[in-house]
Amino acid sequence: FGPDGRELSEVMVQEGQPNQLEVLSDIRLYIYASEPEPDDVADGPADGREPGEAPTFEPTLVWVSASLEQIPEGAVGLDGTVKGLGLAGTETEAKLCQDRPTEFVLSSGAAVSQGQEIKCGDVTSLCVSASRAGFKWRPKDPSPLAERAQELGGSEYLRLMECPVVLGFLEPTFRVCYGSGSVLDLSVMSHITVGDVKATMVEELNAAVESLWVFHEGKRLEDGVFMRPSMDVKIVEVAPLAIRVLSGCCGEPLLAKVLLDGNEVGMTNASGELQWDVPLGSHKVAIKHHALGTYPREPKEIVVSGGGQVNEVIMPALPRVYVYATDPDVEEAEAPPGEDEEPLFDPSCVWVAVDPEQIPDDALPLQGHARCACPTSGRKFRAELHASKVVPFRLPFDEVAQPTTPRVCPLAAVRVRCGRRGFKWVPKDPTPLQARAEDLGGCELLRLLECPTAFGFLKQAATVQCASGERIVVALDGCSDLPSFRAHLAEALGVEEGAAALELVDAAGLAPVTGPYIRSSADLLCARPGESLAVAKEKLQQWRKSVEAKGGWDVQGDGYADSETDESGTEQLPLDEESALVKS
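Residues numbered from 1 in each chain as written. Predicted model: local features only at pLDDT ≥ 70, side-chain atom pairs only at ≥ 80, totals over all residues. Heavy atoms only, no water.

## Things to note about the overall build of the chain
Stage number 1. When helices and strands are counted, the chain shows seven helices and 30 strands.
Stage number 2. Seen through its C-alpha atoms, the chain measures out along the principal axes to roughly 175 × 50 × 40 Å.
Stage number 3. Residues counted as buried form 41% of the 584 residues belonging to the chain.
Stage number 4. For the chain, restricting intrachain contacts to residue pairs at least 6 apart in sequence, the fraction spanning at least 24 positions comes to 66%.
Stage number 5. Of the accessible surface of the chain, which amounts to about 31,200 Å², a share of 49% is contributed by carbon and sulfur atoms.
Stage number 6. Of the charged side chains in the chain, 52 are positive and 92 negative; the average position of the first set lies 7 Å away from that of the second. (Helix = DSSP H or I, 4+ residues; strand = E, 2+ residues; numbered from the N terminus. Buried < 20%, exposed > 50% of the residue type's maximum accessible area, 1.4 Å probe, protein only. Contact = heavy atoms within 4.5 Å. Areas by Shrake-Rupley, 256 points an atom, 1.4 Å probe, with all protein chains shown as cover. Lys, Arg positive; Asp, Glu negative; His and termini not counted. Charge placed at Lys NZ, Arg CZ, Asp CG, Glu CD.)

## Things to note about the environment of V474
Stage number 1. With respect to the helices and strands, the residue V474 is situated in strand β27 (residues 471-475).
Stage number 2. Sequence separation of V474 and S125 is 349 residues, and the distance between their C-alpha atoms is 112 Å.
Stage number 3. Setting aside chain neighbours within four positions, we find V474 in contact with Q460, A461, A462, C479, F485 and H488.

## Here's the deal with a nonpolar patch on the surface
Stage number 1. On the surface, a cluster of nonpolar side chains totalling about 540 Å² of accessible area is made up of F1, L8, V11, V13, L21 and V23.
Stage number 2. As for its position among the elements, L8 is in the segment before β1 (27-34).
Stage number 3. The class of L8 is partly exposed, set by a relative accessible area of 44%. (Patch = residues over 30% accessible without salt bridge, like charges linked within 9 Å, V, L, I, M, F, W, Y side chains within 5 Å. Salt bridge = Lys/Arg side-chain N within 4 Å of Asp/Glu carboxyl O.)

## Considering unusual backbone geometry
Negative phi values dominate among residues other than glycine, just as trans dominates among peptide bonds.
Stage number 1. A cis amide bond links D141 to the next residue, P142, at an omega of 5°.
Stage number 2. When you line up the elements, P142 lands in the loop between β7 (135-139) and α1 (144-152).
Stage number 3. Cis geometry marks the peptide bond from D429 to P430, where omega comes out at 0°.
Stage number 4. Here P430 is to be found in the loop between β25 (423-427) and α4 (432-440).
Stage number 5. Phi angles above zero are rare outside glycine, and N206 is one such case at about 55°.
Stage number 6. On the secondary structure map, N206 appears in the loop between α3 (194-205) and β10 (212-216).
Stage number 7. Here the phi dihedral of E217 falls at roughly 55°; this positive angle occurs in a residue that is not glycine.
Stage number 8. Positionally, E217 belongs in the loop between β10 and β11 (219-221).
Stage number 9. On the accessibility criterion, E217 (75% relative accessible area) is exposed.

## A word on the packing of aromatic side chains
Stage number 1. A full pass over the atoms with the stated rule returns three aromatic pairs.
Stage number 2. When the ring of W213 is compared with that of F215, the centres are 6.2 Å apart and the planes differ by 65°; the resulting orientation is edge-to-face.
Stage number 3. Ring centres of F381 and F397 lie 6.4 Å apart, and the angle between their planes is 65°; this geometry places the pair in the edge-to-face category. A residue pair is termed long-range when its members are at least 10 positions apart, and F381 in strand β22 (residues 380-384) and F397 in the loop between β23 (393-394) and β24 (414-419) qualify at 16 residues. (Phe/Tyr/Trp six-rings, centres within 6.5 Å; stacked < 30°, edge-to-face > 60°.)

## Topic: the confidence of the model for the chain
Stage number 1. For the chain, the average pLDDT comes to 88, and 90% of its residues sit at 70 or higher.
Stage number 2. In the predicted structure, residues 40-46 sits below a pLDDT of 50 and forms twelve contacts with residues beyond four places in sequence or in another chain.
Stage number 3. Within the model, the stretch residues 556-563 combines pLDDT values under 50 with 22 contacts to residues more than four positions away or in other chains. (pLDDT = per-residue confidence, 0-100.)

## Here's the deal with the sheet that holds strand β21 (residues 367-373)
Stage number 1. As summarised here, the arrangement of the four strands in space is β24-β21-β22-β30, forming an open sheet in which the pairing is mixed. The two strands at the open ends of the sheet, each matched to only one other strand, are β24 and β30 (570-572). Neighbouring strand axes in the sheet, compared pairwise and without regard to direction, differ in orientation by 20° on average.
Stage number 2. When β22 meets β30, the two strands line up parallel, connected through three bridges. If you follow F381 over to β30, its bridge partner there is E571. (Pairing = 2+ DSSP bridges. Axes fitted to C-alpha atoms, helices over the stretch in contact; angles between N-to-C directions.)

## Considering the environment of N269
Stage number 1. Topologically, N269 is positioned in the loop between β14 (263-267) and β15 (273-279).
Stage number 2. Residue N269 is classed as partly exposed on the basis of its relative accessible area of 38%.
Stage number 3. Not counting residues within four places of it along the chain, the set of residues in contact with N269 comprises L254 and L255.
Stage number 4. Polar contacts involving the side chain of N269 include one to the main-chain amide nitrogen of S271, which spans 2.9 Å. (Polar contact = N/O pair within 3.5 Å; in protein donor to acceptor, adjacent residues only side chain to side chain.)

## Quick word on the pattern of salt bridges
When the charged atoms of two side chains with opposite charge come close together, those side chains can pair.
Stage number 1. A full pass over the atoms with the stated rule returns 22 salt bridges.
Stage number 2. The residue R379 makes a salt bridge to E571 at a minimum N-O spacing of 2.8 Å. Highlighted residues: R379 in the loop between β21 and β22 and E571 in strand β30, separated in sequence by 192 residues.
Stage number 3. Residue classification places R379 among the partly exposed positions, given a relative accessible area of 23%.
Stage number 4. Given a relative accessible area of 29%, E571 falls into the partly exposed group.
Stage number 5. A salt bridge links D477 to K459; the shortest N-O distance between them is 3.0 Å. Taken as a pair, D477 in the loop between β27 and α6 (482-493) and K459 in strand β26 (residues 453-466) lie far apart in primary sequence, 18 residues in all.
Stage number 6. Residue classification places D477 among the partly exposed positions, given a relative accessible area of 42%.
Stage number 7. What emerges from the salt-bridge pattern is a single network uniting R6, D26, R28 and E103.

## Comments concerning the pairing of β14
The side chains of a regular strand alternate, residue by residue, between the two faces of the sheet.
Stage number 1. For strand β13 (residues 257-260) and β14, the ladder comprises four bridges, and the chain directions are antiparallel. Among the inter-strand pairings, V258 is bridged to a residue of β14, identified as G266.
Stage number 2. Between β13 and β14, which pair antiparallel in sequence order, lie two residues; one of them, D261, sits at a positive phi of approximately 55°.

Pasting the structure below:
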């Protein structure tokens, strides 16, 4: 009847007979919670557990009572709602009190008139939904009130006056974040280990258990790690990612480091492959090779998807080509030859390399260009060499071939055209790459990774400006004496009268060339019979003015011929300045 009781009015008492008055009581219930004893909570290494033994956690119990006297002193309030069927089957609902036990009047007896027949409240219909931060509500199922009423019959309300009943549990929880910001609170009592968490999330994410990783504070947790209340963990779904690093020219496997999102994850094996599990979603991948550098400069964007399949990504290692020269070794004690001694004209060597560690400290830059016509795609490339430093270029072989495809390595098509004032460019023909590729097959990039290869020679030379306009560069290694030089020049110009008919003077002082040997880097003027040396001098001045207008020495007009003259469709390749050779 509540703390104040109930006042009955107009009670009729008749004399001479028993007077009976029926008073319908309220169904007044109390909802509260009781915390577990401190000794029942495992809170750290000093909780008495054996090593490897799972911690135990007790829930907060949620009770219903029909008597205030039955509520213990330590009872606490709750968030949530309580509802049930009251008078005449009408649903009654109320909010739970957070700061004290909740009094819930399921049905009021005062609302029923004397003698009125009406269906009273149904205690077995009581339903509580409790909540508390850091806890998960788990009601008993089936309801203990309904279960007991079915088994014993009678009044469940009277039994509640004798003893409270536990309706459910508030179990301590931890938080699981997954997907794109979704959050799930799981009970630490039913999810003792990380493996238990993964088993639950398999159904939530419709994923295989082996594809789920659990992280706490940035650290991946193994399946046997015990969960704790209030932990924040993150579930990440992963899938296998296989990176294959192949030579961009021939599709041959390469050993290289793999970088994912800027972090080094491992080295490819002998098959050029590295496979590991990666979280689903977008990533950036690059490769780092000891000789070929980090590629690409802007990492390749990939998307890793689930579904049980391996995500395969092929990373072509594009050749990074260096072209440079080395001069012949000169002994410090070696004296220069006298006037009457035949000079030595050892050539400089022009090299092609892909590993900067194999390039010597005395490597020299060159003026000129390199070109390559890819035989499979038909694309044509050209790269201008840097005249003051050794800077590589990359050949963009973007269609990786299968190693089983019979073809000549595209690097075999590389050609170099270079020069230096006072030298004549004499390329090897065929180039070493072309000769090896045709004779041996296989991948030239792999061979270049072993050592550089000489592409030709820059031979010390004299340059002759003819009155007829020709400009002839003569290598001196076979005709440095004056008679041989004249004979070579007469043959080149087609002078039928013979070498003696040529007028040959020094361009600087116009003094006749008397020998006995032609000096290296000499600039000479030449006139055939009937031609004027003054015209030859004028032609030389015109050439020098054109060179000055171009800002430097004109390679194309001084020292070598280029068989490739069709520039249509040729792609100009940029130099990789970041990989410029820096030698101490």
